[in-house]
Amino acid sequence: MFSLFAGIDKDGNTRFVADVERGLDCGCFCEACGSPLVAKRGEINEWHFAHEASQERPDCIAGAMNLLRRVAIEHLQARETLVLPAYREVVVAEAAAPKSSETVEWASQPVVVRDWDPCPAKHAPAARLELDNGAQVDLHVAVGDWRRKQSQSESSGVGNIGKIIFWVPVPQPGQLRAMEDAQRHIVDTGLFVWVHQSDVLGLVAQARQRLNDRTRALERVARETPSLRALGAGQRWAATKREMDRARYEQERAEPVPATPDDVAVIDESRWAAWRKPGTTFMFYGLKDGSGWLMVQHQDSRLILLPWPHVTDGWDEVLPARVGVPDQELQGLVLADPVNPFLYLRTVVKTTRITSDLSELAAIRWPE
Ligand SMILES: [Zn+2]
């Protein structure tokens, strides 16, 4: 059972039971109902006030809590500076799914505290704070379970004026005998609790933008993934590339051709003798249209496709432009890139031969 720990004297000042005369001589009244009080300072029971004639009602305890609130306001007003904790806000993405949130935090302190009200109405502020970031904040003071109930229902409110509560828990029964005890209780247990601060620096808006951007990006990926999978283009491309790399590898590792006296004559007379990369293989392509082509690697590593066995009129217009660029000096096509020429040749080839032996090359009869 909670007992009344504070009353008011005839001048309206808050008085605690240890600070006044014993009994009816205390000269105190109930803050809530106005009834004269008796100061009970017994040996056994905890010190408290009792109503002289009428029954004490729940309101009367609330009246004592209100007096403690006034003491808390006096205490805050007497402080040289009010040091506030950092403000923290959890920003939640607008989209229902996927659920994502970001916690935004900033610290700002009052530069001006004004409009003190020593006994504000129940839900009225005790003062107005002007913060160093330009935000305006109402300072509320509350005693009891105010913090839990109020902050939940008010946290969604967004306005230009912020709100912070200096919250003091309910004291233990019999704990507050004198003003000194009340002040110690406030200093030891009172704390600031943010309800809301306006987003003057735009940090909340930035976080919300980040969350929404991320949500949109995720939605785009989800939308595009199935179509990419259906296309499968990447996989086919990779297969072609592997085929190409293998052909190059075969060429690179081929043994250098031993120069025999017989071969010398062939090399000397060949169209590629001046520029061919030594030791590389020849790749012969016999196409369905009866034309023949020989792929020879240049010493600068370019691949050259030469008409075979002879340079014919209009050789430079037989194959599509995407295969290669005609080089009149080399009398062949310089391959455009390492993939497209092979993609094309694969569709029109009838027979191929890979060799590094010039005599084997000379033995190829084409067209058949
Ligand atoms: Zn009363």
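Residues numbered from 1 in each chain as written. Predicted model: local features only at pLDDT ≥ 70, side-chain atom pairs only at ≥ 80, totals over all residues. Heavy atoms only, no water.

1. Examining the packing of aromatic side chains
Quick note on the threshold: For Phe, Tyr and Trp, where Trp contributes only its six-membered ring, two rings pair if their centres lie within 6.5 Å, and the inter-plane angle classes them as stacked under 30 degrees, edge-to-face over 60, or tilted in between. In this text, helices come from DSSP runs of H or I with a minimum length of four residues, and strands from runs of E with a minimum of two, each type numbered from the N-terminal end. Buried means the residue's accessible area, taken with a 1.4 Å probe over protein chains only, is under 20% of the maximum for its type, while exposed means over 50%, and partly exposed covers the values in between. Whether a charge sits over a ring comes down to the Lys NZ or Arg CZ being within 6 Å of the ring centre and within 35 degrees of the ring normal.
Counted according to the given criterion, the structure contains 7 aromatic pairs. For the ring pair Phe 5 and Phe 16, a centre distance of 6.3 Å and an interplane angle of 15 degrees mean the geometry is stacked. Within this pair, whereas Phe 5 is found in the segment before β1 (6-9), its partner Phe 16 is found in strand β2 (residues 14-16), the two being separated by 11 residues in sequence. The class for Phe 5 is buried, based on a relative accessible area of 6%. By relative accessible area, Phe 16 is classed as buried at 0%. Their ring planes at 55 degrees and their centres at 4.9 Å tell us that Tyr 87 and Trp 106 sit as a pair that is tilted. Linking Tyr 87 in strand β6 (residues 87-92) with Trp 106 in strand β7 (residues 101-106), this pair joins segments that are 19 residues apart in sequence. An aromatic cluster is built from Tyr 87, Trp 106 and Trp 194, whose rings are joined through pairwise contacts. Sitting over the ring of Trp 47, Arg 177 keeps its end group 4.0 Å from the ring centre.

2. Quick word on empty space enclosed by the protein
What counts here: Computed over the protein atoms alone on a 1 Å grid, cavities are sets of points where a 1.4 Å probe fits but cannot get out and pockets are open sets with protein on both sides within 12 Å along at least five of seven lines; a residue lines them when it has an atom within 4 Å of a point. Grid points are joined across faces, edges and corners, and a volume is the space filled by probe spheres set on the points. When residues are grouped by polarity, Ala, Val, Leu, Ile, Met, Phe, Trp, Tyr, Cys and Pro land in nonpolar, Asp, Glu, Lys and Arg in charged, and all others, Gly among them, in polar.
Under the definition given, this model contains 2 cavities of 30 Å³ or more. Reported here for the largest cavity is a volume of approximately 50 Å³. Looking at side-chain class alone, the lining of the largest cavity contains 6 nonpolar, 4 polar and 1 charged residues.

3. A short note on the confidence of the model for the chain
Let me state the cut-off plainly: The predictor's confidence in any single residue is recorded as pLDDT, a number from 0 to 100. In this description, contact between two residues means that some pair of their heavy atoms is separated by no more than 4.5 Å.
Residues with a pLDDT of 70 or more make up 82% of the chain, whose mean pLDDT is 81. The secondary structure element of the chain with the lowest average pLDDT is helix α6 (residues 261-269), at 47, and the one with the highest is strand β9 (residues 127-131), at 95. Low pLDDT (under 50) marks residues 150-158, which in the prediction has 7 contacts with non-local residues, meaning those over four places away or in another chain. The model gives residues 258-268 a pLDDT under 50, and that stretch makes 5 contacts with residues more than four places away or in other chains. The ipTM, which scores confidence in the relative placement of chains, is 0.98 for this predicted complex, and the corresponding pTM is 0.57.

4. Some thoughts on the sheet that holds strand β11 (residues 161-168)
Rules: Any two strands between which DSSP finds at least two bridges are classified as paired. The convention used is that axes are lines fitted to C-alpha atoms, helices contributing only their stretch in contact, and that angles between N-to-C directions extend from 0 to 180 degrees.
Across the sheet, 5 strands lie side by side as β8-β9-β10-β11-β12; this open sheet has mixed pairing. Looking at strand neighbours, the two that pair on one side only are β8 (110-114) and β12 (191-196), the edges of this open sheet. Within this sheet the neighbouring strands show an average axis-to-axis angle of 30 degrees, counted without direction. Pairing between β8 and β9: 4 bridges, direction antiparallel. When the bridges of β9 are listed, Val 113 appears paired with Leu 129. In this fold helix α1 (residues 58-78) packs onto β10 (136-143), β11 and β12, with an angle of close to 135 degrees to the strand it touches most, β10. This element, helix α3 (residues 179-189), spans β11 and β12 of the sheet and lies at about 125 degrees to β11.

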